[in-house]
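Observations on the three-dimensional arrangement
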Amino acid sequence: MALNWILVFTTSLRSIHPWRSHWNQKGSSREVPSLAIISTGIHFLKIDDESVESVNHKREPSDQELRKKALKTKREPGHRIFVNRSLQLDNVKFYGFDMDYTLAVYKSPAFEELTFQLVLDSLIDLGYPTDIKAFVYDRTFPLRCIEDSDDDLNFLTGNEVRQYYPNKYVTGDDRIYVFYTLFNLPEIYLIACLIDYFSSVSEYVENNTAVKFGDNILSFRAIFNDVRTSIDRLHHQGKLKELVTSDVEKYVHKDELLPILLDRIRSHGAKTFLLTNSEYWYTDRLMAYLLANGGEGKKAKRDWKSYFDFILVDAQKPLFFAEGTTLRLVDPATGNMKLGTYSGPLQQNQVYSGGSCEVFSKLIGSTGKDVLYVGDHIFGDIIKSKKQKAWRTFLIIPELNHELKVFHDKREIFNTLEELDNSISELLRNFDMTANQGPDVSKIKHKIQNKILTRNQADGSQDMESCHMNFEKN
Ligand SMILES: [Mg+2]
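Residues numbered from 1 in each chain as written. Predicted model: local features only at pLDDT ≥ 70, side-chain atom pairs only at ≥ 80, totals over all residues.

**As for the packing of helix H4 (residues 110-125) against helix H8 (residues 239-246)**
The relative placement of two packed helices is expressed as an angle between their axes plus a distance between the axes. Defined as follows: Angular values range over 0 to 180 degrees, each being the angle between N-to-C directions of two axes fitted as lines to C-alpha atoms, with helices fitted over their stretch in contact. Helix and strand labels come from DSSP, where a helix needs a run of H or I of at least four residues and a strand needs a run of E of at least two; each type is numbered from the N terminus. Handedness of each helix crossing follows the sense of rotation of the near helix against the far helix: counterclockwise by less than a right angle gives left-handed, clockwise gives right-handed. Any residue pair is listed as a contact if its two C-beta atoms, each placed from the backbone, are within 7 Å. Residues are grouped as follows: Ala, Val, Leu, Ile, Met, Phe, Trp, Tyr, Cys and Pro are nonpolar; Asp, Glu, Lys and Arg are charged; all remaining types, including Gly, are polar.
Put simply, H4 and H8 touch, their axes get as near as 11 Å, and they point 145° apart. Both H4 and H8 take part in a crossing whose hand is right-handed. Contact residues: Leu114, Thr115 and Leu118 in H4; Lys239, Leu240 and Leu243 in H8. Looking at the contact of H4 with H8 residue by residue, the class counts come to four nonpolar, one polar and one charged.

Structure below.
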């Protein structure tokens, strides 16, 4: 079976190119952008040999032709797949999937609200004032993005820059913490709420890095550490997971196309595997929900494990892609692990815990580039697997759905920006080097700034004022 082009997401809209394939026009409209992206792959897998043959014998279409063709498609921008490189799908023998926020997409804001409330309880146990129980999670506040914007930040003065960054490089700065996943959204908002609270209520006297009350000092760093520790504890303890599994429909999206996707991949001769950091009992509950009664033409109840050739839980990524941990066999009936290191072979319907990418690759017979791994964590799923083990990677970026919508709906703004940019280039290109003064580009720059402002407003950029606090300085 000939499968041609593959997709790897780009995070820069400027470098996006439409997927090079025959579009299947039957795009379904569903709520979950990430799974929508995966499901587009189902349609792609339907390409028959004849159509692939015709593509192989035609000249390569130009970018302009591809763009025109993409614009004609009826599929919504959020349901399209974009690539930043091409790859022969023929060469992919193994399709791996992460679980959390990849196959199991949590519902927003229900899941974040649950996390938010549980962390508030945990902080109150640590001595935080019970007032904070009045905080209400605002889903519009945290925005995951690439660190490329200087909007909404405090600009440092020249002296401050020299003080904090004497070499003008930001390296190993412990004042910067990168939040990678959607799991982090509630804590980002909570940290903002707490800083706002302690800066606003009069019994706390603020200086630059802490608040003082009575004989006690609470630093902003301590607030951050308390929230981080509470979140980590919450994820490691069972309470959050128990609440999710007790009402899984409330917290997890279910995509009816997922079992079809997994079956379709295997029917084309490739193998599938699940590689998740979650423990077995939780994986079992979520996957049973996601894959219950699914598959093509399958009405009878089917064990979710039968959709995968290999299942690895407790993987401890990114450690899995380095030295890893001990590979153990899990007893699916009890969830207990068998004593000792499992030496193989890996079998279907069995569940394994831990291990390393090196051992796993040996046991399944993969060479690195024949694996395509789908995940949502740019560091733990994508960068490490690609750099250390040469896996092909597929990054789920649900935010692209909104970005693409704005990009599509506000195309006029982007076109104007490009034209203004070209005008500056034109002025500079024709600049007379012997002249005393350079060309006046201030008006064009002003226009660019206005357009960028309009674009940011369309993009839904938030500022700190949107942090809805009810606490006024007394
Ligand atoms: Mg994940």
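Having seen the structure, we can now continue with the description.
**Let's talk about the UniProt feature "coiled-coil region" (unreviewed entry) in the protein**
Note the threshold: UniProt positions are given in the numbering used here, feature names are shortened, and annotations may be inferred rather than shown by experiment.
Per the UniProt record, "coiled-coil region" (unreviewed entry) is found at residues 410-437. Taken end to end, residues 410-437 is 68% helix and 0% strand, and its two terminal C-alpha atoms sit 36 Å from one another.

**Things to note about the nonpolar core**
We count it as follows: Joined through C-beta atoms within 7 Å, a set of buried Ala, Val, Leu, Ile, Met, Phe, Trp, Tyr and Cys residues constitutes a nonpolar core. Three exposure classes are used. Buried residues have 20 or more other C-beta atoms within 10 Å of their own C-beta, exposed residues have 12 or fewer, and partly exposed residues fall in between, all C-beta atoms being placed from the backbone. Domain delimitation in this document rests on an assignment produced automatically or drawn from a domain database.
Among the nonpolar cores identified, the biggest contains 75 residues, and Val119, Ile311, Leu312 and Tyr352 are the most heavily contacted of them. The element contributing the most residues to this core is helix H6 (residues 185-200), with seven residues. Viewed by domain, this core spans two of them, domain 1 (13-105 + 252-400) and domain 2 (110-151 + 158-249), each represented by three or more residues. In contact with Ile311, other than residues within four places in its own chain, are Phe273, Leu274, Lys305, Val351 and Tyr352.

**Things to note about H4**
For the record, the criterion: In this scheme, a helix's expected span is set at 1.5 Å multiplied by one less than its residue total.
Under the 1.5 Å per step criterion, the end-to-end length of H4 is 23 Å for 16 residues, consistent within 8% with the ideal 22 Å. For H4, the complete set of buried residues consists of Phe111, Glu112, Leu114, Thr115, Phe116, Val119, Leu120 and Leu123. Residues of H4 that are buried in the fold lie against H6, helix H7 (220-236), H8 and helix H9 (248-251). Among the residues trailing H4, Gly127 stands out with phi positive, at a value near 110°.

**Some points on the sheet that holds strand E6 (residues 216-219)**
Test applied: Strands qualify as paired when DSSP identifies two bridges or more between them.
Strand order in the open sheet made by the three strands is E4-E5-E6, with antiparallel pairing throughout. Each edge of the sheet is formed by a strand with only one pairing partner; in this case those strands are strand E4 (205-206) and E6. The strands that H7 touches are strand E5 (210-213) and E6; relative to E6, the one it contacts most, it runs at about 65°.

**Topic: the environment of Ser366**
By secondary structure assignment, the location of Ser366 is in the loop between helix H12 (357-364) and strand E11 (371-375). Look at Ser366 and you get partly exposed, because 19 C-beta atoms sit within 10 Å. Between the C-alpha atom of Ser366 and that of Trp391, which follows or precedes it by 25 residues, the distance is 9.8 Å. Not counting residues within four places of it along the chain, the set of residues in contact with Ser366 comprises Lys93, Phe94, Ser361 and Val371.

**So, unusual backbone geometry**
Of the consecutive residues Ser108 and Pro109, the connecting peptide bond is found in the cis state with omega at 10°. The topology assignment puts Pro109 in the loop between strand E3 (94-97) and H4. Put simply, Lys317 and Pro318 share a cis peptide bond, and its omega is 5°. Relative to the helices and strands, Pro318 resides in the loop between strand E8 (310-313) and strand E9 (328-330). The phi torsion at Asn349 lies on the positive side, around 70°, for a residue other than glycine. Positionally, Asn349 belongs in the loop between E9 and strand E10 (351-353). Its 11 C-beta neighbours within 10 Å are what place Asn349 among the exposed residues. You will see that Ala390, though not glycine, has its phi angle at about 60°, which is positive. As for its position among the elements, Ala390 is in the loop between helix H13 (378-389) and strand E12 (392-395).

**Some remarks on the sheet that holds E11**
Pairing within the open sheet is mixed, and its seven strands lie in the order E9-E10-E8-E7-E3-E11-E12. What marks the edges here is a single partner per strand, and that holds for E9 and E12. Looking at each pair of strands side by side, their axes are set apart by 25° on average, direction ignored. Here two bridges tie E8 to E10, and the two strands are oriented parallel to one another. Bridge pairing in E10 links Leu312 to Tyr352.

**Some words on the packing of H4 against H6**
We count it as follows: Angular relationships are summarised with four words: roughly parallel below 35 degrees, roughly antiparallel beyond 145, roughly perpendicular across 65 to 115, and oblique for the angles in between.
In the contact formed by H4 and H6, the axes pass within 9 Å of each other and the chain directions differ by 50°. As judged from the angle between their axes, H4 and H6 are oblique. Between H4 and H6 lies a crossing whose hand is right-handed. Counted together, Glu112, Thr115, Phe116 and Val119 of H4 and Leu185, Pro186, Glu187 and Leu190 of H6 form the full contact between these two elements. Partitioned by chemical class, the residues of the contact of H4 with H6 number five nonpolar, one polar and two charged.

**Some details on helix H11 (residues 280-291)**
With twelve residues, H11 should reach 16 Å at 1.5 Å per residue; the first-to-last C-alpha distance of 16 Å fits that figure. Counting buried positions along H11 gives nine out of twelve residues, so the element sits mostly inside the fold. Inspection of H11 places Tyr280, Tyr282, Thr283, Asp284, Arg285, Leu286, Met287, Leu290 and Leu291 among the buried residues, and these make up the whole buried set. Among the structural elements, H8, H9, helix H10 (258-267), E8, E9 and E10 are those in contact with the buried residues of H11.

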